[in-house]
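# Examining the three-dimensional arrangement
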Amino acid sequence: MIVVTGATGNVGRPLVRALAAAGERVTAVSRHPSDELPEGVRHRRADLADVESLRPVLEGADALFLLIPGQGAHPPDVLDAAKAAGIRRVVLLSSQGAGTRPRARSHDPLRGYEDAVRRSGLEWTVLRPGGFASNAFAWAPAIRSGRTAAAPFGDVALPFVDPDDIAEVAAVVLRDDGHDGRTYELTGPVAISPRERARVIGDALGEPVRFVEQSREEARTQMLGFMPEPVVDGTLDILGEPSDAERRVSPDIGRVLGRPPRGFADWVARNLAAFA
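Residues numbered from 1 in each chain as written. Predicted model: local features only at pLDDT ≥ 70, side-chain atom pairs only at ≥ 80, totals over all residues. Heavy atoms only, no water.

Among the residues of helix α1 (residues 12-21), G12, P14, L15, V16 and L19 are the ones counted as buried. The secondary structure elements touched by the buried residues of α1 are β1 (2-5), β2 (26-30), β4 (63-67) and α7 (163-175). Positive backbone phi, at 90°, marks G23, one or two positions downstream of α1. (Buried < 20%, exposed > 50% of the residue type's maximum accessible area, 1.4 Å probe, protein only. Helix = DSSP H or I, 4+ residues; strand = E, 2+ residues; numbered from the N terminus. Contact = heavy atoms within 4.5 Å.)

This brings us to the packing of aromatic side chains. Tallying each qualifying case throughout the model produces 4 aromatic pairs. For the ring pair F137 and W267, a centre distance of 4.9 Å and an interplane angle of 65° mean the geometry is edge-to-face. Remark: W267 occurs in helix α13 (residues 264-270) and F137 occurs in the loop between β6 (123-129) and α6 (140-146); sequence separation between them is 130 residues. With relative accessibility at 31%, the residue F137 sits in the partly exposed group. Residue classification places W267 among the buried positions, given a relative accessible area of 3%. A connected cluster of aromatic rings, assembled from ring pairs, spans F137, F264, W267 and F275. A cation over a ring is seen here: R197 above F160, with NZ or CZ 4.1 Å from the ring centre. (Phe/Tyr/Trp six-rings, centres within 6.5 Å; stacked < 30°, edge-to-face > 60°. Lys NZ or Arg CZ within 6 Å of the ring centre and 35° of its normal.)

Residues of helix α2 (residues 51-58) that are buried: V51, L54, V57 and L58. What you see down the axis of α2 is that its buried residues fit within an arc of 110°, all on one side. Opposite the buried face of α2, by more than 90 degrees, sit the exposed residues E52 and P56. If you follow the buried residues of α2, they end up packed against β1, β2, β3 (42-45), β4 and α3 (75-84). Following α2 by one or two positions, G60 has its phi on the positive side, about 85°. (Arc of directions from axis to C-beta.)

The next thing to look at is the nonpolar core. V3, L58, L64, L66 and V90 are the most contacted members of the largest nonpolar core, which has 29 residues in total. Of all elements in the fold, only α2, β4, α3, β5 (89-93), α5 (108-118) and β6 reach the threshold of two or more residues within this core. Apart from residues lying up to four places away in sequence, V90 is in contact with L64, L66, L79, V117, L122, E123, W124 and T125. One finds I2, A28, F65 and V256 within the second-largest nonpolar core, a separate group that totals 28 residues. (Core = buried A, V, L, I, M, F, W, Y, C linked by side-chain atoms within 4.5 Å.)

Position of Q96 among the secondary structure elements: in the loop between β5 and α4 (97-100). Relative accessible area serves as the criterion here: at 8%, Q96 is assigned to the buried category. Taking the C-alpha atoms as reference, Q96 lies 14 Å from R182; in sequence the two are 86 residues apart. Residues contacting Q96, with those up to four places away along its chain left out, are R128, P129, G130, E185, T187, A245 and E246.

Right, let's talk about the sheet that holds strand β8 (residues 182-186) for a bit. Strand order across the open sheet formed by 7 strands is β3-β2-β1-β4-β5-β6-β8, with parallel pairing between neighbours. The open sheet has two edge strands with one neighbour each: β3 and β8. Across the sheet, the mean angle separating the axes of adjacent strands is 20° when strand polarity is ignored. Pairing between β6 and β8: 5 bridges, direction parallel. Residue pairing in the sheet places P129 in a bridge with L186 of β8. Here α1 sits on the sheet in contact with β1, β2 and β4, set at roughly 165° to β1. (Pairing = 2+ DSSP bridges. Axes fitted to C-alpha atoms, helices over the stretch in contact; angles between N-to-C directions.)

This is the structure in structure tokens:
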């Protein structure tokens, strides 16, 4: 059995579907119930910040997809609970910034989880995706109401990754041998700027989407409404002044899946209803 934490999120949902389609027994874990699970998948409510709530969920499983939680979780306790339950393999969803921003405070929790996973004694694989294509959902209300999209650093391009590709990589790594001790960096096939992403959405809609470039401070103020301050500042640093490593297109999705990663236009085509 495979336990998937964060099962109702952008990566967890397609991962649960992929594992169920492959015939795996899956336990989908989240803090809130879900009515969108495939037939045969059981849902359990648990919180990674409350290890005692997690212990019964892990019993009988042999693999764990671990989403780094918010504040309050203690990584060694979560992994000790996994080992005690008999789990032998853990796949951690981290972030590219854990490697590319070694001195950034905002990525300290990611590095703490990665270190705990590597020291756990379990078979482990770390996934480090770059920015998600699904971040464009933040534009959906403004695009629906006024065909506009606002973002800072309009012409700075990064290789945003499709969350479904992350999920497919995770499904392979959870099920197959040969990935123990690996850290995979996951990106899209080409770097694309915010201005270009707005154009792609407009092309798919058949109507132009006007791009409005924000200042860093305007974007910061907006992001502080739903993100902690260190995370906001770290994110803006990457978006505005990415390193060469953060601009680079990684070959890892192709190596694991045997096909190239999906582009931003593919993601838009599958999610166009959100912007219509």
